[in-house]
Amino acid sequence: MRTYIGGHEAVTVDDFLELALGTPPELWLGVEDESEEERSARLDAARDILADNPHLYDTVIQVAASLIGTRAVASHRLAPVSRSRENRGGQVAPGAEAA
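First, a word on what this report is: a plain description of the structure on this page. (Residues numbered from 1 in each chain as written. Predicted model: local features only at pLDDT ≥ 70, side-chain atom pairs only at ≥ 80, totals over all residues. Heavy atoms only, no water.)

So, about the overall build of the chain. Counting secondary structure elements, the chain contains four helices and two strands. Along its sequence from the N terminus, the chain presents helices and strands in the succession β-β-α-α-α-α. Within the chain, residue pairs in contact and separated by at least 24 positions form 22% of the contacts whose partners lie at least 6 positions apart. Carbon together with sulfur atoms contributes 53% to the accessible area of the chain, which is approximately 8200 Å² in total. (Helix = DSSP H or I, 4+ residues; strand = E, 2+ residues; numbered from the N terminus. Contact = heavy atoms within 4.5 Å. Areas by Shrake-Rupley, 256 points an atom, 1.4 Å probe, with all protein chains shown as cover.)

Right, let's get into unusual backbone geometry. Phi angles above zero are rare outside glycine, and aspartate 33 is one such case at about 60°. If you trace the backbone, aspartate 33 turns up in the loop between helix H2 (25–29) and helix H3 (36–52). Here aspartate 33 falls in the exposed class, since its relative accessible area comes to 71%. (Buried < 20%, exposed > 50% of the residue type's maximum accessible area, 1.4 Å probe, protein only.)

This next bit is on the nonpolar core. Soluble globular proteins tend to pack their nonpolar side chains together in the buried interior. Listed in full, the eight residues of the largest apolar core are Leu17, Leu21, Leu27, Trp28, Ala46, Leu56, Val60 and Val63. Those elements giving two or more residues to this core turn out to be helix H1 (13–21), H2 and helix H4 (56–78). If you tally residues by element for this core, the top one is H4, at three residues. (Core = buried A, V, L, I, M, F, W, Y, C linked by side-chain atoms within 4.5 Å.)

Inspection of every chain in the model, using the stated rule, returns two salt bridges. The partner of glutamate 34 in a salt bridge is arginine 42, and the shortest N-O contact between them spans 2.8 Å. Note that arginine 47 is salt-bridged to aspartate 44, the shortest N-O span being 2.7 Å. Here arginine 47 pairs with aspartate 44, and both are found in helix H3, just three residues apart, close to one helical turn. On the basis of relative accessible area, aspartate 44 is assigned to the partly exposed category, the value being 36%. (Salt bridge = Lys/Arg side-chain N within 4 Å of Asp/Glu carboxyl O.)

What follows covers the side chain of threonine 23. Its place among the elements puts threonine 23 in the loop between H1 and H2. Within polar-contact distance, the side chain of threonine 23 engages the side chain of tryptophan 28 at 2.6 Å. (Polar contact = N/O pair within 3.5 Å; in protein donor to acceptor, adjacent residues only side chain to side chain.)

Bringing the side chain of arginine 42 into the picture now. Relative to the elements of secondary structure, arginine 42 occurs in helix H3. Under the relative-accessibility criterion, arginine 42 is labelled buried at 14%. If we skip the residues at most four places from it in the chain, arginine 42 touches Glu26, Leu27, Trp28, Leu29, Gly30 and Glu34.

By themselves, these observations are geometric and do not establish any function.
Spelled out as structure tokens, the structure:
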């Protein structure tokens with residue numbers, strides 16, 4: 001099944017984010033290993049876009065908060081829960097019986 005938003009096909013989560021914001025997510029989040037010069041240019045571009053579209057700030061914040069909440073929930077679901085009776089030192093935790 002294909003999803004189109006305003007005539008554009010959205011395939012990945014980044015596609016949906018870009019279409020929701022009207023800008024690529026990397027503009028707001030940065031990219032791994034960017035230089036100080038690249039970061040400065042990216043932030044200048046972001047400031048210019050926000051100056052031209054003041055409502056966009058609220059949209060970016062809402063999308064970012066939603067994304068953080070979604071990822072936090074997902075990470076909690078995927079994180080293994082240790083039910084070990086022993087603590088890291090190999091000793092039996094207080095109140096637990098040795099097996």
